[in-house]
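Next come the chains, spelled out residue by residue.
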Amino acid sequence: MQQSQLERGADYVIAGAGSAGCVLARRLAQTGASVILLEAGGPDRTRLVRQPGMIAIFHNVPALKKRLDWGYSTAPQASALGRRIPQPRGRVLGGSGSINGMLFVRGNRQNYDDWAVPGWSYENVLSSFKRMEDWEDGATALRGVGGPVKVTRQKDLTPASQAFMEALAATAGTKLIDDYNGESQEGVSVFQQNASDGLRYSSSVGYLDHHGLPNLTVLTRARITRIVISGGRASGVEVVTEHGRGTISASREVILSAGVYGSPQLLMLSGVGPAGHLRGHGIDVVADLPVGDNLHDHMSVPMTYCMTSARNRGTTPYFVTGVVKEAVRGDTWMGRTVFEAVGFVRSPQARDIPDIQVHALPWSYPFPNQDSPARQKVDKRCALTIMPTLIYPKSRGTLRLDGIELIRETMASPLIAGQVSLELNPGSGFPDRAALAAELPNRATSVYHAVGTCRMGTDERAVVDPELRVRGIDGLRVADASIMPSITGGNTNAPAMMIGEHAARLINAS
């Protein structure tokens, strides 16, 4: 991109080619509007991104991770022994959807009704979910086919995962179900993945590959420094590339899809945010809004059990063999997500819907946590890791022991106990609730689902309105997971892509 190309414009300029941004760019361009999609990272056409099983290597090799990850961490957490907990965020086309586990979870239908935002109920967003997916079982009243994102079930489950599913269902008093994205979420099921035929279906793959739209321009390695706002209206963005600094104008709208951290950062750098905070950094205030508030996430405590029936080993020869087999004949574990099973179950504190999500993956997991930027310590034995996850944090930081105790009870079930040789993590050194409670701050970790920093709503504390327009600024919207009033019950990538679809419908109808 030459310097002259920086001084250009389009009807819409979208900041961030992540899970929502790629979707939004394609859908707006399909209406005939000119669209420029900007991404600070590089292209995603590399096996490291597009081959699903490479995630097992990517997140454990710092040099590889640095290529595609912004490398964020939290501030020191007083309730977690002062730890700085990593917050991986994709710096590449597809955003975090290019470096995640590809777990396709819509959340519970009640989540969207509970948002209580006009136009965002479950019935409102269902058609947007259906429009984006190509579900392997075919179309139903609740599932879509023919969309850009292929959704399949994990297959060839290890015996360890199969036994865990049966044991968890029996222990939690729930059912084995076929589709947690269908009529009811509650139960134990095989994980669904946005991957098919050995290919990751990020929003970049699904919406940008072979799009064939001359009015859609995708610019990579273009870092946005601020939004140009004059007279209460956004008119473009300032960008920096290897060719220099320039301005890209938007005749209709600037849309931020830079994610839960990137979108609020751009707003604040442009004078939109908490007035006192901005003035403290020498930034002129354009609009005093609670940008950056309402940040919350899912937290889990990984628990690992040595089981030969888990099959997989975290060793270099094992990974090399997997890569070779996938290249030669395909249809191996390298062509799918590393996770296999999931449960949505209720703790004693649950009310109407499940409040614990249980992830199961047949691999050993770094312990006691993943805070260090150095290569993580991973046991090389075959093991099953279970991640009980609190999916509705009320105080934006609450953790309970119910999930850990449920997993211990499950692994002691006759349906699986015979396959378990050792509780590796947290282990016998933490035999009871008191010991676990003391150790929890050292082991609890993010599931990398942070949301909410540009909250959508109708009240004075909202950053964007139900149409995703930034309050007080014309020509400026936010469309990504940062607009969620409260987190959805499960992995957040599918809801983020849905937000892109739904935003396009709102914009096209306006």
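A short tour of the structure in this document, coming up. (Residues numbered from 1 in each chain as written. Predicted model: local features only at pLDDT ≥ 70, side-chain atom pairs only at ≥ 80, totals over all residues. Heavy atoms only, no water.)

So, about the environment of Arg 469. Along the chain, Arg 469 turns up in the loop between β23 (445-446) and β24 (476-478). Once the C-alpha coordinates of Arg 469 and Gly 9 are considered, the two residues, 460 residues apart in sequence, prove to be 20 Å apart. Dropping the residues within four chain positions of it, Arg 469 is found in contact with Val 463, Val 464, Leu 476 and Arg 477. Within the local environment of Arg 469, its side chain forms a polar contact with the side chain of Asp 465, the two groups lying 2.8 Å apart. (Helix = DSSP H or I, 4+ residues; strand = E, 2+ residues; numbered from the N terminus. Contact = heavy atoms within 4.5 Å. Polar contact = N/O pair within 3.5 Å; in protein donor to acceptor, adjacent residues only side chain to side chain.)

So, on to the pattern of salt bridges. Inspection of the entire model under this criterion finds 28 salt bridges. Arg 408 serves as the salt-bridge partner of Glu 423, at 2.6 Å between the closest nitrogen and oxygen. One end of the pair, Glu 423, is in strand β22 (residues 422-425); the other, Arg 408, is in helix α13 (residues 402-411), and 15 residues separate them in sequence. With a relative accessible area of 19%, Glu 423 lands in the buried category. Three or more residues joined by partner-sharing salt bridges are found here, namely Lys 155, Asp 156, Arg 311, Asp 331 and Arg 336. (Salt bridge = Lys/Arg side-chain N within 4 Å of Asp/Glu carboxyl O. Buried < 20%, exposed > 50% of the residue type's maximum accessible area, 1.4 Å probe, protein only.)

Strand order in the open sheet formed by 3 strands is β5-β6-β8, and the pairing between neighbours is mixed. The open sheet has two free edges, formed respectively by β5 (133-135) and β8 (192-193), since each of these has just one partner strand. As judged from the 3 bridges shared by β5 and strand β6 (residues 149-153), these two strands associate in the parallel manner. Bridge pairing in β6 places Trp 135 opposite Val 151. (Pairing = 2+ DSSP bridges.)

All right, on to the packing of aromatic side chains then. Taken as a whole, this structure holds 13 aromatic pairs when the rule is applied. When the ring of Tyr 180 is compared with that of Phe 344, the centres are 5.6 Å apart and the planes differ by 50°; the resulting orientation is tilted. On the criterion of sequence distance, the pair formed by Tyr 180 in the loop between α8 (159-172) and β7 (187-190) and Phe 344 in strand β19 (residues 341-345) is long-range, its members being 164 residues apart. Its relative accessible area of 2% is what places Tyr 180 among the buried residues. For Phe 344, a relative accessible area of 0% puts it in the buried group. Look at Trp 333 and Trp 363: their rings are 5.0 Å apart centre to centre, the planes differ by 65°, and that puts the pair in the edge-to-face class. Within this pair, whereas Trp 333 is found in the loop between α12 (316-328) and β19, its partner Trp 363 is found in the loop between β20 (356-361) and β21 (383-390), the two being separated by 30 residues in sequence. When its relative accessible area of 17% is taken as the criterion, Trp 333 is described as buried. Here a set of aromatic residues connected by ring pairs shows up, and it is made of Tyr 112, Trp 115, Trp 120 and Phe 129. Above the ring of Trp 70, the side-chain terminus of Arg 91 is found at 5.3 Å from the ring centroid. (Phe/Tyr/Trp six-rings, centres within 6.5 Å; stacked < 30°, edge-to-face > 60°. Lys NZ or Arg CZ within 6 Å of the ring centre and 35° of its normal.)

Before going further, it helps to spend a moment on the state of the cysteines. Under the counting rule described, the total for this entry stands at 0 disulfides. Considering cysteine sulfurs only, Cys 382 is the nearest to Cys 306, which forms no disulfide, with 9.0 Å between them. Here Cys 382 falls in the buried class, since its relative accessible area comes to 9%. (Disulfide = S-S within 2.5 Å.)

Here we come to the side chain of Ser 364. You can see Ser 364 is positioned in the loop between β20 and β21. If sequence neighbours within four positions are ignored, Ser 364 has contacts with Thr 304, Val 378, Asp 379, Arg 381, Ala 383, Thr 385 and Leu 424.

Our next topic: the pairing of strand β14 (residues 244-256). Note: strand β1 (residues 8-15) against β14, 7 bridges, orientation parallel. Looking across to β14, one finds that Ala 10 is bridged to Ala 250. The pairing of strand β13 (residues 233-241) with β14 spans 6 bridges and is classified as antiparallel. The partner of Val 239 across the bridge, within β14, is Gly 246. Count of turn residues in the β13/β14 antiparallel hairpin: 2 residues. Where β14 meets β24, 3 bridges bridge the pair, whose relative direction is parallel. Considered in β24, the bridge of Ile 255 is made with Arg 477.

All right, on to α8 then. In an α-helix, one turn spans 3.6 residues; hence positions three or four apart end up facing the same way. The end-to-end C-alpha distance of α8, which contains 14 residues, comes to 20 Å, matching closely the 20 Å that a straight helix rising 1.5 Å per residue would cover. Along α8, the residues classified as buried are Ala 160, Ser 161, Ala 163, Phe 164, Met 165, Ala 167, Leu 168 and Ala 169. Looking at the buried residues of α8, the elements they touch are β7, β19, β20, β21 and α13. (Expected span 1.5 Å × (residues − 1).)

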